[in-house]
Amino acid sequence: MTVRVSASGFRSAQRISAIGVSEILKIGAVAQRLKRAGRPVIVLGAGEPDFDTPDHAKDAAIGAIRAGQTKYTILDGSVELKAAIAEKFRRENDLVYAADEITAGAGAKQVIHNAFMASLSPGDEVILAAPYWTSYADMVRIADGTPVDVLCREDNGFRLDAADLERAITPKTRWLLLNSPSNPTGAAYSAAQLRPILDVLKRHPHVWLMADDIYEHLTYDGMPFVTAAALEPSLKSRTLTVNGVSKAYAMTGWRVGYGGGPRELIAAMAVVQSQSTTNPSSVSQAAAIAALSGPQDVLVERRAAFQRRRDIVVDALNAIDGVSCRRPEGAFYTYASCAGLIGRRMPGGDVIDSDAAFCRFLLERHDVAVVPGSCFGLAPYFRLSYATSEQNLREALKRIAKACRELS
């Protein structure tokens with residue numbers, strides 16, 4: 001393992017020697033630099049809703065500030081926030097958690113990080129359904145675990161196959177992390193599709209399940225959302241159900257995520273959080289309470305808007321020679337194959353030899369930022385986020401089509 005030593009003599013920790021800043025953030029930084037230089041770049045890389053935080057959540061935060069609710073709270077969430085989370089789990093997921101079975105942190109990402117830090121020892125393995133959000137593997141590595149990729153094929157809807165999962169489990173397997181709907185593919189599991197996965201876990205009692213439900217409220221075409229601990233109650237005692245307010249309520253910057261799970265795990269996660277951030281922002285907690293407990297009609301409206309955008313994107317991508325795109329069941333991403341473009345030449349003669357090269361071509365010559373599938377563990381694909389206006393999407397899709405016509 002290589003240790004980085006800078007000219008100043010700084011020596012980086014071995015645990016981050018193979019980890020860099022997220023490629024998604026790098027692409028976003030290049031796009032922003034081009035925009036500052038006057039280029040009309042359309043960024044379709046970020047996983048961030050373009051809608052605003054609901055007014056009642058903002059009003060709750062303002063009220064909390066004016067009421068002086070600006071002090072420390074309980075380290076993993078106030079009594080009031082945990083009550084709102086418990087009610088949300090009961091109302092929407094048919095899951096019952098006590099206060100000491102609930103944790104809240106500075107985003108769902110911190111909740112996942114805390115769980116790995118609290119549970120992984122060197123040599124422990126975490127099965128990841130590839131393609132997956134880029135941070136999953138690095139969070140496992142930082143916690144001294146070993147990520148184990150299991151490929152989810154497009155011909156299986158980018159969903160994990162139960163037989164493949166069975167083969168990947170070893171005595172060292174500690175967790176399966178499953179994200180539905182998925183970032184980056186938008187694939188979601190029905191109860192019938194999830195059941196075989198849970199049946200495998202039932203046969204391996206040493207394997208715990210981390211269910212990342214952050215895109216819960218973004219499923220389309222009437223597909224009902226299902227979460228593992230509710231579908232198979234016998235697994236609830238070894239399942240951490242992760243969620244947050246970022247995606248559903250357009251509250252990415254507020255940084256509030258939460259989880260429900262066995263109290264022993266939640267207590268261990270609190271130890272980790274107590275030595276890092278302590279409590280999430282008290283003001284953000286007030287906003288999250290209002291979002292979870294207040295009017296939910298905004299979820300229906302925004303889901304409909306995202307479904308319209310999905311259809312615009314999928315239809316336009318499938319009309320491009322060399323590109324094919326599966327229609328996802330949820331989230332706000334498409335994961336399109338660019339295999340038909342590999343080997344073609346750009347004006348000037350350079351060859352498109354990978355999805356990364358194609359994405360660079362789109363950004364540098366056609367002012368559209370998307371993310372190569374190689375970042376997520378499955379190439380040659382590219383992820384496009386349709387969490388932006390229909391006007392931006394239509395213009396970006398025109399540019400992508402024009403770029404592909406230039407390839408020979």
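Per chain, residue numbering runs from 1 following the sequence as it is written. A pLDDT threshold of at least 70 governs which residues receive local features in this predicted model, and a stricter bar of 80 or more applies before side-chain atom pairs are shown or counted, although totals over entire chains, interfaces and linings include all residues. The basis for every side-chain value is the complete set of heavy atoms in the structure, and neither hydrogens nor water enter the calculation.

A word on the pairing of strand E3 (residues 125–130)
Of all six residues making up E3, six are buried, and the element is well covered by its neighbours. Both faces of E3 are covered, namely the face carrying Glu125, Ile127 and Ala129 and the face carrying Val126, Leu128 and Ala130. The sheet contact formed by E3 and strand E4 (residues 146–151) spans six bridges and is parallel. Looking at the pairing, Ala129 lines up with Val150 of E4. Two strands pair when backbone bridges link them, and E3 and strand E5 (residues 173–179) are joined in this way by four bridges, in the parallel orientation. Partly exposed describes any residue whose relative accessible area lies between the buried limit of under 20% and the exposed limit of over 50%, with all areas from a 1.4 Å probe on protein chains only and scaled to the type maximum. Per the convention used, a helix needs a DSSP run of H or I reaching at least four residues, while a strand needs a run of E reaching at least two, with both numbered from the N terminus. In short, DSSP must find at least two bridges between two strands for them to pair.

Some remarks on the domain arrangement of the protein chain
By a widespread convention, an interface's size corresponds to the accessible area lost as its parts come together. A domain assignment, automatic or from a database, supplies the domain bounds used here. One can read the domain layout of the protein chain as domain 1 (14–51 + 298–403) and domain 2 (68–294). Domain 1 and domain 2 are separated by 26 Å when their C-alpha centres are compared. When checking whether two residues touch, look at their non-hydrogen atoms; a contact exists if any pair is within 4.5 Å. If you look at the interface, domain 1 gives 32 residues, while domain 2 gives 35 residues. Both faces considered, domain 1 and domain 2 share a buried interface measuring about 3000 Å² in area, 58% of it formed by carbon and sulfur atoms. Should a side-chain nitrogen of Lys or Arg be within 4 Å of a carboxyl oxygen of Asp or Glu, the pair is scored as a salt bridge. For the interface between domain 1 and domain 2, the tally reads two salt bridges. Taking the shortest distance from any N to any O, the salt bridge between Arg159 and Glu329 comes out at 3.2 Å. By convention, the term buried area covers the 1.4 Å-probe accessible surface removed from two parts as they join, with the contributions of both added.

Section: the packing of aromatic side chains
Pairs were defined over the aromatic rings of Phe, Tyr and Trp, the Trp ring being its six-membered one, requiring ring centres within 6.5 Å. Orientation was assigned from the angle between planes: stacked under 30 degrees, edge-to-face over 60, tilted for the rest. If you walk through the whole model with that rule in mind, you get 16 aromatic pairs. A ring pair is formed by Phe116 and Trp175, whose centres lie 6.5 Å apart and whose planes are at 80°; its orientation type is edge-to-face. With Phe116 in helix H4 (residues 108–119) and Trp175 in strand E5, this pair connects stretches of sequence that are 59 residues apart. Both rings, one in Tyr215 and one in Phe332, keep their centres 5.5 Å apart while their planes meet at 85°; by these two values the pair is edge-to-face. Taken as a pair, Tyr215 in the loop between strand E6 (208–212) and helix H8 (228–231) and Phe332 in the loop between strand E9 (324–325) and strand E10 (333–337) lie far apart in primary sequence, 117 residues in all. Note on accessibility: Tyr215 and Phe332 belong to one class, buried. Aromatic rings pair up to connect Phe51, Tyr215, Phe306, Phe332, Tyr333 and Tyr386 into one cluster. The cationic tip of Arg174 hangs over the ring face of Trp208; the distance from NZ or CZ to the ring centre is 5.3 Å. Placement of a positive charge over a ring is assigned whenever Lys NZ or Arg CZ falls within 6 Å of the ring centre and within 35 degrees of the normal to the ring plane.

Concerning the side chain of Asn279
The topology assignment puts Asn279 in the loop between helix H9 (263–274) and helix H10 (282–293). Apart from the residues lying within four places of it in its own chain, the contact partners of Asn279 are Tyr72, Thr73, Ile74, Leu75, Gln273 and Gln285.

Structural notes on unusual backbone geometry
The residue after Ala130, namely Pro131, is reached through a cis peptide bond having omega 5°. Relative to the assigned elements, Pro131 resides in the loop between E3 and helix H5 (135–142). Cis geometry is adopted by the peptide bond preceding Pro181, which originates at Ser180 and carries an omega value of -10°. Of note in this structure, Ala250 is not a glycine but carries a positive phi near 50°. Topologically, Ala250 is positioned in the loop between strand E7 (239–244) and strand E8 (257–260). Taking relative accessible area as the criterion, Ala250 reaches 9% and is therefore assigned buried. With a phi angle near 60°, Asp367 is a residue other than glycine that sits in the positive phi range. You can call Asp367 buried: its relative accessible area is 11%.

Section: the sheet that holds E4
Pairing in this open sheet of seven strands is mixed, and the strands run E2-E8-E7-E6-E5-E3-E4 from one edge to the other. Strands at the two margins of the open sheet, each flanked by one partner only, are strand E2 (102–105) and E4. For this sheet the average axis-to-axis angle between neighbouring strands, irrespective of direction, equals 20°. Relative to E6, E5 is paired through five bridges, and the arrangement is parallel. Each bridged residue has a counterpart across the sheet, and for Asn179 the counterpart in E6 is Asp212. Angular values range over 0 to 180 degrees, each being the angle between N-to-C directions of two axes fitted as lines to C-alpha atoms, with helices fitted over their stretch in contact.

Topic: the sheet that holds strand E13 (residues 381–385)
Reading across from one edge, E9-E10-E13-E12 is the order of the four strands in this open sheet, with antiparallel pairing throughout. For this open sheet the edge positions go to E9 and strand E12 (371–372), each flanked by a neighbour on one side alone. Across two bridges, the pairing between E9 and E10 is antiparallel. Opposite Ser324, over in E10, you have Ser337 as the bridge partner.

Notes on the pattern of salt bridges
Per the counting criterion, the structure on display carries 30 salt bridges. Put simply, Arg90 and Glu87 hold a salt bridge, and the shortest N to O gap is 2.5 Å. One end of the pair, Arg90, and the other, Glu87, are both in helix H3 (residues 79–93), three residues apart, so they sit about a helical turn from each other. In this structure, Asp221 engages Arg310 in a salt bridge whose closest nitrogen and oxygen atoms are separated by 2.9 Å. Of the two residues, Asp221 sits in the loop between E6 and H8 while Arg310 sits in helix H11 (residues 297–318), which places them 89 residues apart along the sequence.

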